[in-house]
Amino acid sequence: MSIVTVQLGQCGNQIGHEVFSALCSDIRGTHGLCSKKENESYQDSCKERFFCQEQSAVPIARAVLVDMEPKVISQTLSMAARSGHWKYNSHSHFCQKQGSGNNWANGYCVHGPRHKEAIMNLVQREAEKCDRLGGFFTIMSMAGGTGSGLGAFVTQCLRDAFPTSFLLNHVIWPYGTGEVIVQNYNSVLTLSHLYHSADALLVHENDVIHKICSQLMNIKQISFRDVNRVIAHQLGSVFQPTHTAGGGSGYSRNPLGDLLETLVPHPEFHMLGLRNIPQMAESSLPYSTFSWPGLLKHLRQMLIANAPMEEGIDWQVRPPHPGSCIPSTNKPLHFNTSIANLVILRGKDVHGVDLGSFQDPSLYTSWLNPQDAFNAWKTPRAFNKYEKSAALVSNSQFLLKPLDSIIGKAWNMFASKAYLHQYTKFGIQEEDFLDCFTTLEQVVSSYTNL
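On a predicted model such as this, the values are computed, not experimentally measured, just so you know.

Visitor: Would you mind showing me how to read the domain arrangement of the protein here?
Guide: In many analyses, interface size is given as the accessible surface area lost on bringing the parts together. Considered domain by domain, the protein is made up of domain 1 (2–273), domain 2 (282–322 + 331–397) and domain 3 (401–449). In this structure, domain 1 and domain 2 have C-alpha centres spaced 24 Å apart. With 42 residues of domain 1 in contact, the opposing surface of domain 2 contributes 31 residues. In this assembly, domain 1 packs against domain 2 so that about 3,100 Å² is buried in total across both faces, 64% of it on carbon and sulfur atoms. It is His233, Thr262 and Leu263 that lose the most area in domain 1 upon contact with domain 2, and together they represent 17% of the buried surface on that side. Between aspartate 26 and arginine 381 there is a salt bridge; the shortest N-O distance is 3.1 Å. Run the count over domain 1 and domain 2 and you get 11 residue pairs in polar contact (both at pLDDT 80 or more). Listing elements by their share of the side of domain 1 that touches domain 2, those giving two or more residues are α1 (9–28), α2 (36–50), α7 (206–216), α8 (224–239), α9 (255–263) and β10 (271–277).

Laid out in structure tokens, this is it:
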């Protein structure tokens, strides 16, 4: 089944480009470390998911590009075409001459309704090219105006136009120190709207990825492109083909459906986080060896201690003892309770790996059976030059702290009515803000009480 990617705003378009580049370089690589037959079925499955082969021999990304300024889209289109390995459809983009000025209300209330028909026509056309549509994957930032405001509007339109399709939003969480003075307002508005319309939100935090670039990748002067490449690598490690638990011998048919069925057992909880191991500069790979028990021991501790990467994990954090009925407020400090986890293993010797430690009932909330809460997908085909690699997609309490912090900062500004006039002039009223705060307070409370 195919996935249509919708890239929204500057951030969405730049990350989208890196994602397709990462997928393409992975399927072209000869580093598969598996049988020729396995490699061919992996390549075919990836192409069906993300690319369509038209008359040209070059794969064309199944994507719609949307921005309110032309500059980023034209750069993205030409960079993809120059690569010679893949390209975007030259008619699948929509842009205007002026941006949204980092104003969520401008993107949501003005640009959205004004350009709805043109944008949705492009999406419809892309969807009709799929033999079997698996769903939509949108990529956007939370902090700006176009990606977040217009992105929230387009997500609602996708939900209305394709009520039975899967819809996964990939959201970039802004730097804590801030890129935009009103980023906390924009973030609260975006998250609360997406929470109502998307099946799940897959979140990447800029601060975390920045740390990975400096500490694991050893990049001295980190650019947005470096950050986007790490994000693209992590997304590829989830969306490239794998064998699901009950999927027989073939590759998973519907990656979005499988992902959401596995990780979102309850509509109240749909914040997903992503962790990868190992992650390192490409130049270090030839000198590194990894064992599955070692990788998984680190990955499990990253999960329970809520560590974003394998360096600096707090090994003191332990799950509560089974059988001890501790109320959720007295759980061990910093312990990250999960609703559901998915581990994806790629590379050598995957089929003999023991994943029992992830089925420990003490990792999960009490109302879900650990057998249902944990799933594993595997493929002997290595990913992106890593002989062995593991990804963990987790529906857990990982975002509680940053979410609480963003709500708190936005509320302080709201209480003193700072910058509100910039939103009310485009039609977002104080009651709308209050509704959004209520939605997110409910999300925080639900996750806190796991």
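Visitor: Can you walk me through the packing of aromatic side chains in this structure?
Guide: For any two aromatic rings, the description comes down to two numbers: the centre-to-centre distance and the angle of the planes. All chains considered together, the criterion is met by 21 aromatic pairs. Seen in terms of ring centroids, phenylalanine 20 and phenylalanine 50 are 6.4 Å apart; in terms of plane orientation they differ by 80°. Their pairing is edge-to-face. You can see phenylalanine 20 sitting in helix α1 and its partner phenylalanine 50 sitting in helix α2, a full 30 residues away along the chain. Owing to a relative accessible area of 3%, phenylalanine 50 belongs among the buried residues under this scheme. With a centroid separation of 5.8 Å and 85° between ring planes, the pair formed by tyrosine 108 and phenylalanine 153 is classed as edge-to-face. With tyrosine 108 in helix α4 (residues 104–128) and phenylalanine 153 in helix α5 (residues 146–161), this pair connects stretches of sequence that are 45 residues apart. Grouping residues by exposure puts tyrosine 108 and phenylalanine 153 together as buried. Members of the aromatic cluster, connected to one another through ring pairs, are Phe20, Phe50, Phe51, Trp86, Tyr88, Phe137 and Phe239. Over the face of the ring belonging to phenylalanine 383 we find arginine 346, whose NZ or CZ atom lies 5.7 Å from the ring centre.

Visitor: What's the story with the environment of isoleucine 3 in this structure? I'm lost.
Guide: Within the fold, isoleucine 3 resides in strand β1 (residues 2–8). On the accessibility criterion, isoleucine 3 (2% relative accessible area) is buried. When residues no more than four places from it in sequence are discounted, the contact partners of isoleucine 3 are Arg49, Phe50, Arg62, Gly135, Phe137, Phe239, Pro255 and Leu256.

Visitor: I keep staring at the sheet that holds strand β13 (residues 388–396) and nothing clicks. Help me out?
Guide: What links the strands of a sheet is backbone hydrogen bonding, and the strands pair in either a parallel or an antiparallel sense. Sheet architecture is open: 10 strands sit in the order β6-β4-β1-β7-β8-β9-β10-β13-β11-β12, paired in mixed fashion. The strands lining the two open edges of the sheet, one partner per strand, are β6 (93–95) and β12 (374–379). Taken pair by pair, the neighbouring strands of this sheet meet at an average axis angle of 20°, ignoring direction. In terms of strand pairing, β1 meets strand β7 (residues 133–141) through 6 bridges, oriented parallel. In the strand pairing of β7, valine 4 is matched with phenylalanine 136. Here helix α6 (residues 183–197) sits on the sheet and contacts β7, β8 (166–173), β9 (200–205) and β10; the angle it forms with β8, its principal contact strand, is near 165°. Across the face of the sheet, helix α10 (residues 292–304) comes into contact with β10, β11 (338–347) and β13 while running at roughly 20° to β13.

Each value, and the rule that gives it
Residues numbered from 1 in each chain as written. Predicted model: local features only at pLDDT ≥ 70, side-chain atom pairs only at ≥ 80, totals over all residues. Heavy atoms only, no water. Domains from an automatic or database assignment. Contact = heavy atoms within 4.5 Å. Buried area = accessible area lost by both parts, 1.4 Å probe. Salt bridge = Lys/Arg side-chain N within 4 Å of Asp/Glu carboxyl O. Polar contact = N/O pair within 3.5 Å; in protein donor to acceptor, adjacent residues only side chain to side chain. Helix = DSSP H or I, 4+ residues; strand = E, 2+ residues; numbered from the N terminus. Phe/Tyr/Trp six-rings, centres within 6.5 Å; stacked < 30°, edge-to-face > 60°. Buried < 20%, exposed > 50% of the residue type's maximum accessible area, 1.4 Å probe, protein only. Lys NZ or Arg CZ within 6 Å of the ring centre and 35° of its normal. Pairing = 2+ DSSP bridges. Axes fitted to C-alpha atoms, helices over the stretch in contact; angles between N-to-C directions.

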